[in-house]
Each structure stands twice: as structure tokens, then as C-alpha cells.
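One-letter residues, chain by chain:
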Amino acid sequence: MSIPETARAAFLEAYGEEPAGLWAAPGRVNLIGEHTDYNDGFVLPFALPQRTVAAAGPAPDGKWSVCSTLAPEPVTFGVTEPGEVTGWGAYVAGVVWALQDAGFEVPPARIALASDVPLGSGLSSSAALESAVLTALADLGGLDVALERRPAIAQRAENVYVGAPTGILDQSASIRCQEGRALFLDCRSYQIEQIPFDLAAEGLAILVINSNAPHQHVDGEYGERRKSCEAAAAALGVPALRDVSTAELPEALDRLGDDVLRRRARHIVTENQRVLDTVSLLRAGRVREIGPLLTASHASMRDDFEITVDQVDVAVRAALAAGAYGARMTGGGFGGCVLALIDAGRADATATAVAGAYRERGFTAPTSWVATAGPGATRI
Ligand code: ADP
Ligand code: MG
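Residues numbered from 1 in each chain as written. Chains lettered and ligands numbered in written order. Predicted model: local features only at pLDDT ≥ 70, side-chain atom pairs only at ≥ 80, totals over all residues.

As annotated in an unreviewed UniProt entry, the protein carries the name Galactokinase and is attributed to Actinoplanes utahensis. The Sequence similarities (unreviewed entry) field of the UniProt record for the protein holds the comment "Belongs to the GHMP kinase family. GalK subfamily." (UniProt positions renumbered as here; feature names shortened; annotations may be inferred.)

Take a look at the structure:
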């Protein structure tokens, strides 16, 4: 069964009637621009074909109920404040709360979720869930929530209600990406530009390699990196590290006394520039040439930001050795996925090379697939 059919069947099973409609929102990979979002910087994600589908309809009891193929027993709640609904249902209660907090009259609803976005792999299943639910509730209630506002509302659900201090990248990607495009987002102004990203036309492909490495210490390390970036910005007397250019970097590094802060700042400043350089190349149709920027981004995440693990470093090395033009970890780090820019005909060979390197080291086998840029959140 397809994901939409699965969601519809789950709705029927849980609530005994057909849903009023189906809404889908994708997971994403970030082509480049890691940990730059909460530094008011630049990111360049594209939407995955994998998505979360919300089957939804009105609720006669005036409450909100939600179930998932992963948790078939519905969670039901009324008007709540952050912290009242816990577990995975908090992502849904968070969206209801954030919409209400933004002044919208959210329609009571019953929701069933199905998804093929891998959970906890840095492909943003959480934002896919929030975006699918937000889009469904907005349509069901006829709410006039401007597209530009939606990512920040979904982000508040995750930040304030769930309590995960993530930036605006994931929700922006899931809501605003377009098919065949990468989303160039300025995380300070929220200004976007849809960048043509048609790899097939160039005979290229992006191979996504899920390292399947167990995530460890993700939340603590993420918070730690945020604090370091804020401390570095404060020491430099700028609102955010976005405000330091690569030309100003050497002097800025001299002024930062602490070696850890220096390396964290260097990653953010150089990564922002790599996003800008990647966008320039893509605008000019020079897709193959973004490869070295991807690889440089990985080195910066590994050496300066220290967010990679052996499994992703090995995947990057093996993909490059197999002929990839560039490769990097994508997502917040400490596991998750690697993406490699390859010739379209080299997907199997690259995946096999990475799998072989994993086998040699006794790592859990990786999962690889070619990712094309899909559409953002929508009714289906
Ligand atoms: P990522 O966003 O990288 O996949 P997160 O830890 O941010 O990882 O989000 C994963 C969490 O989101 C899951 O642990 C679960 O609570 C929730 N979640 C995501 N998708 C679903 C789903 N289809 N059904 C139930 N819960 C989900
Ligand atoms: Mg997430």
C-alpha cells in the first residue's frame, strides 16, 4: 500500500469513517549549510520524495485525536499548554498550540499519520509530521495562515511544546520546497529563492546514504554547539555569527581566546560562504563544481564543529574513493545521513563501495538511495 493509502486505512481503522482529506509533507536533506540556521545564516535544503501523510477529518467531540501507524492507539487532548501532552503526540499538540498561540481558531480534528521518512536519521521526520498536521488543520479550518508564517509556527511547536531547540531549516524545507528546486533560505530575513536543481539533466545524482549509526548525545551536543556559537558572537560583539564575513574571519579568530570557540566560529563563517558559493554555481548551471564545497563542508563539520562520527566519515571517504564529486554528512550530526554528488550511472557502485567499507569495519549496514527534489507540503 502507498503511504497515502496507508494513512487513509489507519484513519478508517481508528475512527470508523473516511477522512475528509489527505495532506502530505516531505522529509528533507540539506545540500549544504549545517548548523547555520540558528546563527541567522544560510541553508540550502531540498525536499525528499519520502513524506508523512496526515489523513484528517473533523472531530465531533471538540478535541484533537491523533494516531500513527507507529502508535495505532489514538492520543486525545483538548486545549493544552506546552508540556501537557508528552511523547510523540507532543508534536501534534504542539502544532495545535502554536496555531492557537498565533491567534488562529484551530478546528477540532481527528488525524491518522503514515510516513516513509526514516525517523531520527537527520531527514527531519519531525518537521514532516508537524508540516503535514499544520497544513491539514489550516485547510480543515479554512485558516488564513500565510505560507511565509507556517515554518515559524511549526518551529514553535517543536521548540516550545516538544522542547527541542531546533532552528528554522527543517520546517521551512518541508513547507516551502518545490519539485526540482533547492530552497535557498536566509534564516535571518526568511527570504527564499528557489534554485533550479535538476541533476538528471546534467547526468548527475545525489546518493543519500543512511549511516544507520545509533544517535548518541544528540540533544546535549546540539545545545552545546548553540551555546558556543552564541558565546562566540557575543565575544565578537555581533548579533550572530552570520555577521562575520570570511574576510573578517582571521581577525575575529584572533579576538576569540578560546580554541573551541574559534573552531566553532570558523565552521559557521566558512559554511555560510560555502552555501553562497554553492548557490552561485547552481545559478550558473555549474552543478558538478559544487562537489569540492560539499567535501569541504564535511571536513569543517568533522574537524571544527566536531559533529561527525566514524560511520559518516567512512561513508564520505568511501564515496569519494568511488568517484563522487563531493560528499558530506547532512543533518545535525552524531549519526544520520551522508549525501554524495555522483554521476547518475554510479549509484550502485558507490552504494556498494560504502557498504563494503562498513562491512570491513563491522558497522551496521548502511541504506542508500538516489534522492530527487520533491514538492513541499500540500493537500493530495
Ligand atoms: P528526525 O526529525 O531527524 O527524524 P527527531 O528526533 O527530530 O528526528 O524526530 C523524530 C521523532 O518524531 C520521533 O521520535 C517521533 O516522536 C516523532 N515522529 C516522527 N514521525 C512520526 C510518525 N510518523 N509517527 C509518530 N511519531 C513520529
Ligand atoms: Mg527533527
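Next, the rest of the story.
One non-glycine residue, Asp40, adopts positive backbone phi at about 60°. Examined against the element boundaries, Asp40 turns out to sit in the loop between strand E1 (21-30) and strand E2 (42-43). Positive phi values are uncommon outside glycine, yet Phe334 reaches one of about 60°. (Helix = DSSP H or I, 4+ residues; strand = E, 2+ residues; numbered from the N terminus.)

Attention now moves to the site of ligand 1. Looking at ligand 1, there are 17 residues lining it, with Ser68, Trp88, Ser115, Ser125 and Ser126 nearest. At the level of elements, strand E6 (109-115) and helix H3 (125-140) are the ones that each hand at least two residues to the shell around ligand 1. At 3 residues, the largest contribution of residues to the shell around ligand 1 is made by H3. Looking at the shell around ligand 1 residue by residue, the classes come out as 8 nonpolar, 9 polar and no charged. (Near = placed C-beta within 6 Å. Nonpolar A, V, L, I, M, F, W, Y, C, P; charged D, E, K, R; others polar.)

For strand E9 (residues 204-210), the tally of buried residues reaches 6 of 7 residues, placing the bulk of the element in the interior. Strand direction decides the pairing type here: E9 and strand E11 (residues 337-343), joined by 7 bridges, are antiparallel. Within the sheet, the bridge partner assigned to Leu207 lies in E11 and is Ala340. Strand direction decides the pairing type here: E9 and strand E12 (residues 367-371), joined by 5 bridges, are antiparallel. Along E12, the bridge assignment pairs Leu207 with Val370. (Buried ≥ 20, exposed ≤ 12 C-beta atoms within 10 Å, placed from the backbone. Pairing = 2+ DSSP bridges.)

The subject of this paragraph is the domain arrangement of the protein. How big an interface is tends to be stated in terms of the accessible area lost upon association of its parts. When the domains of the protein are assigned, the result is domain 1 (3-196) and domain 2 (200-371). The straight-line distance from the C-alpha centre of domain 1 to that of domain 2 is 26 Å. With 27 residues of domain 1 in contact, the opposing surface of domain 2 contributes 33 residues. Secondary structure elements with two or more residues in the side of domain 1 that touches domain 2: E1, E2, strand E7 (181-186) and strand E8 (192-196). (Domains from an automatic or database assignment. Contact = placed C-beta atoms within 7 Å.)

Moving on, we come to the environment of Pro250. Structurally, the position occupied by Pro250 is in helix H7 (residues 249-255). For Pro250 and Arg262, which are 12 residues apart along the polypeptide, the C-alpha to C-alpha distance reads 10.0 Å.

Turning to the pairing of strand E3 (residues 45-58), a few remarks are in order. Within E3, 11 of the 14 residues are buried, which leaves it mostly tucked inside the rest of the structure. Bridging between E1 and E3 involves 9 bridges; their strand directions are antiparallel. Note that in E3 the partner of Pro26 across the bridge is Arg51. Both E3 and E6 contribute to a ladder of 7 bridges, which runs antiparallel. Counterpart to Val53 in the pairing with E6 is Ala114.

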